[in-house]
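# Commentary on secondary and tertiary structure
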Amino acid sequence: MFIVFFRAVILYVVIVASMRLMGKRQLGELQPSELVITLLLSNIATLPVENTEIPMIMGVIPIFTLVSLDVVLSHLSLKFRPLRRAMCGSAKIVISNGQIDQKMMKDLRFSVDDLMQSLRSQQIFDVSQVQLAVVETTGKISVYEKAAYRSVTCEDMNIKGEDADPPQLVIDSGKLVEGALQSIGLDREWVDKMLKQRHLKVKDVFLMTGESSGKAVIIPFDKGGAK
Amino acid sequence: MKRLCISIAIMLCVVFICVYSVSRLKEGNRQLFDYISRTRQAYLENKDAAPALEQLTEYWKKHYLLLSYTTTGSGLEQMSLTVAKLPRLMQSRSAEFLGELDALEHWAKLVYDNNYPRVSAIF
């Protein structure tokens, strides 16, 4: 029983380290090769845990090999376009100027229901509103609407807006977030000044966000709430 | 770039472990076969095979540890069972003694063959 316990702990660490090595892209959108790796990893990792007859190294070696191979190949595919196309495929246009490319839909084995569902998820209910729809290598559909149906932008209205970075989390549960102040070009003195205005200390703050303009939002801990 | 370097380092480590384990297995098997051969010879020449068998048993304990990293449990159990039978078979001068020594040699060869990257072993 202990062997299974220790193996599960070790393999958990190995898998987490492997996923971190593969990078953040892995978590959001899976390319075909990454999907294969993910499926294989989950299967391989369970073998030495389920069956104590299988040496642990027989699980660890393939996990590290697959993940390293994936990282090396994805780096190579950045440099060599044919390799990238072979590994990930290429984006395909399924709607052009409001017209569905039926041959492409057939090639991709994409049903009209799949297409309409993807369009609806992007608040488009009429195919004729679409200028261009592209099936990405991840299987997701990107849509570019016709000019008449696109949302009006500041540029369209000739309104000048200011480009500013979004607010950054500066204090989280009574603790300063490292590196946050530098990213918005402010310093500790600014934090102290803002807190002094509200008669607060860092440890009293549940959440504080700051912007490069100097604007801050401060939410103190509830009185009697858990700190 | 950091990820790429770590991945290449891991792959090199994996390759090193694979090469090292096969070479250790080959060397370990060579010694095991040597002990088996000495025991067999002493037995066939009607000499006292007990010291040679004792050496073989002692060596098996070390070799077992090495094999346990690369071999599934059932294969190892089979080999350990064979080694455990040997002293009793030798005392009774049983004809099975030589057969069990051959079986041990065969199992060890099989383990090495399964770990050596031959096309047949891979597929």
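All of these numbers come straight from a predicted model, not from anything done at the bench. Sequence positions are assigned chain by chain, starting from 1 and proceeding in written order. Going through the entries in the order they are written, you letter the chains from A and number the ligands from 1. The predicted origin of the model limits local features to residues at a pLDDT of at least 70 and limits the giving and counting of side-chain atom pairs to 80 or more, whereas totals for whole chains, interfaces and linings rest on all residues. Excluding hydrogens and water, the side-chain values take into account all heavy atoms of the structure.

Counting its regular elements, chain A contains nine helices and eight strands. The burial tally for chain A puts 30% of its 227 residues in the buried class. Working rule for contacts: check all heavy atoms of both residues, and any pair within 4.5 Å makes them a contact. Considering only intrachain contacts with a sequence separation of at least 6, the fraction spanning at least 24 residues in chain A is 48%. Each accessible area is a Shrake-Rupley result for a 1.4 Å probe, and residues are judged covered by the shown protein chains and nothing else. Of the roughly 15,400 Å² that chain A leaves accessible, carbon and sulfur atoms contribute 58%. Strands here are runs of E lasting at least two residues and helices are runs of H or I lasting at least four, both read from the DSSP assignment and numbered beginning at the N terminus. The cut-offs for exposure are 20% and 50% of the maximum accessible area for each residue type, with area from a 1.4 Å probe on protein chains only; residues under the lower value are buried, those over the upper are exposed, and the others partly exposed.

All names here are of chain A. By this definition, two strands are paired if DSSP reports at least two bridges between them. As summarised here, the arrangement of the four strands in space is E6-E5-E7-E8, forming an open sheet in which the pairing is antiparallel. Both edges of this open sheet fall to strand E6 (175-176) and strand E8 (216-220), since each of them pairs with a single strand only. As defined by bridge partners, strand E7 (residues 205-210) adjoins E8 across five bridges and the pair is classed as antiparallel. Looking at the pairing, Gly-210 lines up with Ala-216 of E8. Axis angles are defined between N-to-C directions and span 0 to 180 degrees, where every axis is a line fitted to C-alpha atoms and, for a helix, only to the segment in contact. Strands strand E5 (168-172), E6, E7 and E8 of the sheet are contacted by helix H9 (residues 188-197), whose axis makes an angle of about 120 degrees with E7.

Right, let's get into H9(A). Residues and elements named next belong to chain A. Those residues of H9 that fall on the buried side of the exposure criterion are Trp-190, Val-191, Met-194 and Leu-195. The arc that holds every buried residue of H9, seen down its axis, measures 130 degrees, which confines them to one face. The outward face of H9, more than 90 degrees from its buried face, is lined by the exposed residues Glu-189, Lys-193, Lys-196 and Gln-197. Packing partners of the buried residues in H9 comprise E5, E6, helix H8 (180-183), E7 and E8. Throughout, the arc means that of the directions going from the helix axis to the C-beta atoms.

So, on to the confidence of the model for chain B. Residues and elements named next belong to chain B. Looking at chain B, pLDDT values average 86 and 99% of them are 70 or higher. When mean pLDDT is taken per element in chain B, helix H1 (residues 2-44) scores highest with 90 and helix H5 (residues 119-122) scores lowest with 74. Both scores are available for the predicted complex, with the pTM at 0.67 and the ipTM at 0.72. Confidence of the predictor at the level of single residues is captured by pLDDT, which takes values from 0 to 100.

In this section: the packing of helix H1 (residues 2-22) of chain A against H1(B). Angle between the axes and distance between the axes are the two parameters that describe a pair of packed helices. In the contact formed by H1(A) and H1(B), the axes pass within 10 Å of each other and the chain directions differ by 135 degrees. Comparing the axis directions of H1(A) and H1(B) gives the class oblique. For the pair H1(A) and H1(B), contact is made by Arg20(A), Leu21(A) and Met22(A) and by Arg3(B), Ile6(B), Ser7(B) and Ile10(B), respectively. Considering only residue class, the contact of H1(A) with H1(B) consists of four nonpolar, one polar and two charged. Oblique is the label for any angle not covered by the other classes, which are roughly parallel (under 35 degrees), roughly antiparallel (over 145) and roughly perpendicular (65 to 115). Polar here means any residue outside two lists: the nonpolar Ala, Val, Leu, Ile, Met, Phe, Trp, Tyr, Cys and Pro, and the charged Asp, Glu, Lys and Arg; Gly therefore counts as polar.

What follows is about a nonpolar patch on the surface. Residues and elements named next belong to chain A. Patches here: salt-bridge-free residues with over 30% relative accessible area, like charges joined within 9 Å, nonpolar side chains (Val, Leu, Ile, Met, Phe, Trp, Tyr) joined within 5 Å. For this document, the term salt bridge refers to a Lys or Arg side-chain nitrogen within 4 Å of an Asp or Glu carboxyl oxygen. Where nonpolar side chains cluster on the molecular surface, the patch consists of Phe-2, Phe-5, Phe-6, Val-9, Ile-10, Tyr-12, Val-13 and Val-16 and spans about 840 Å² of accessible area. Secondary-structure assignment places Phe-5 in helix H1. Taking the relative accessible area as the measure of exposure, Phe-5 reaches 48% and is therefore partly exposed.

Positive phi is not limited to glycine here, since Gln123(A) has a value of about 65 degrees. Structurally, Gln123(A) can be placed in the loop between helix H7 (112-121) and strand E3 (130-135). Of the residues examined, Gln123(A) reaches a relative accessible area of 62% and is grouped as exposed. Not every positive phi belongs to a glycine, and Arg93(B) is a case in point at roughly 50 degrees. Of the residues examined, Arg93(B) reaches a relative accessible area of 43% and is grouped as partly exposed.

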